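Residue-level structural notes
Each chain, letter by letter, is given below.
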Amino acid sequence: MPLFSSGRERRLWLWTLAVVAAIFASLGVGGQLAEALRDLDALEEALSAGLFLLCMLLVGTTAVLQGVWARPGRLEIAVAVGIAAVYLLVFLRIAVLEERSHLIEYGVLGVFVYAALAERAGQGRRVPAPAVVAILATSAVGLLDECLQLAVPSRVFDPWDILFNVLAGALAVGASVALGWARRRARGRDQGVYS
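Below: a short report on this structure. The structure presented is a predicted model; accordingly, all values stated were derived computationally and were not measured. (Residues numbered from 1 in each chain as written. Predicted model: local features only at pLDDT ≥ 70, side-chain atom pairs only at ≥ 80, totals over all residues. Heavy atoms only, no water.)

1. Considerations on the overall build of the protein
The helix and strand tally for the protein stands at 7 helices and 0 strands. The order of helices and strands in the protein, counted from the N terminus, is α-α-α-α-α-α-α. When contacts within the protein are restricted to residue pairs at least 6 apart in sequence, those whose partners lie at least 24 apart make up 77%. When the accessible surface of the protein is split by element, carbon and sulfur atoms take 70% of a total near 12,100 Å². (Helix = DSSP H or I, 4+ residues; strand = E, 2+ residues; numbered from the N terminus. Contact = heavy atoms within 4.5 Å. Areas by Shrake-Rupley, 256 points an atom, 1.4 Å probe, with all protein chains shown as cover.)

2. Some remarks on the nonpolar core
Ranked by internal contacts, the top residues of the largest apolar core, which has 22 residues, are Tyr87, Leu103, Tyr106, Leu109 and Ala134. Residue assignment for this core shows that the elements contributing at least two residues are helix H1 (7-25), helix H4 (74-93), helix H5 (97-122), helix H6 (130-148) and helix H7 (159-190). Those residues in contact with Leu103, other than ones at most four positions away along the chain, are Tyr87, Val90, Ile94, Phe164, Ala168 and Leu171. (Core = buried A, V, L, I, M, F, W, Y, C linked by side-chain atoms within 4.5 Å. Buried < 20%, exposed > 50% of the residue type's maximum accessible area, 1.4 Å probe, protein only.)

3. What to know about a nonpolar patch on the surface
Among the surface-exposed residues, Trp160, Leu163 and Leu167 lie close enough to one another that they form a single nonpolar patch of about 360 Å² accessible area. One can find Leu167 in helix H7. (Patch = residues over 30% accessible without salt bridge, like charges linked within 9 Å, V, L, I, M, F, W, Y side chains within 5 Å. Salt bridge = Lys/Arg side-chain N within 4 Å of Asp/Glu carboxyl O.)

4. Here we look at the side chain of Arg120
Considering the arrangement of structural elements, one finds Arg120 in helix H5. With relative accessibility at 19%, the residue Arg120 sits in the buried group. The contacts of Arg120, once residues within four sequence positions are left out, are Leu3, Phe4, Ser5, Glu9, Arg125 and Val127.

5. Quick notes on the pattern of salt bridges
For the structure shown, the criterion picks out 2 salt bridges. The shortest N-O distance in the salt bridge between Glu119 and Arg8 comes to 3.1 Å. With Glu119 in helix H5 and Arg8 in helix H1, this pair connects stretches of sequence that are 111 residues apart. With a relative accessible area of 41%, Arg8 lands in the partly exposed category.

6. A short note on unusual backbone geometry
Of note, Ala129 is a non-glycine position whose phi angle comes to about 50°, a positive value. Residue placement: Ala129 occurs in the loop between H5 and H6. Note on Ala129: relative accessible area 43%, which makes it partly exposed.

Nothing here speaks to function; it is geometry throughout.
Shown next, in the form of structure tokens:
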């Protein structure tokens, strides 16, 4: 039996590996980058905030384009707007720039892990509770990331970061599950299943 159930699953795991590599690659420079960002004056802070917002806009644009290609129904749009509102509220409540980066890093990681596991399950392979496994796997990477920071002089181990990594992954996986539910429900209505 092949390791991957499909070419799509293989690509999703490769993207997952790339995200994990990027997270761990930031171990050596993350502390210096965070310190440099803290030392910026007001103009440079505005530029860094603008860059962060641009990254969030790119993520949002990707999600919207994916949704347009999938021709979402009203329920999918309502769920997507709800998810966007939750992310906006979380974003506004997070004052520390480094914590905002965790929202992106572990959110993207959680989505890729969940998508790979869901693809595997969809191809007939046994995957118990893909969403739960995705959150656990994302949490394990977050825990490992924090533990590795113990060995890096310019970084600080922070148990709150572990919790935030778990929550960022859970929020992203939850959003994926909710959108998938809305999409399946809309398809069921189109086919007369829920009439």
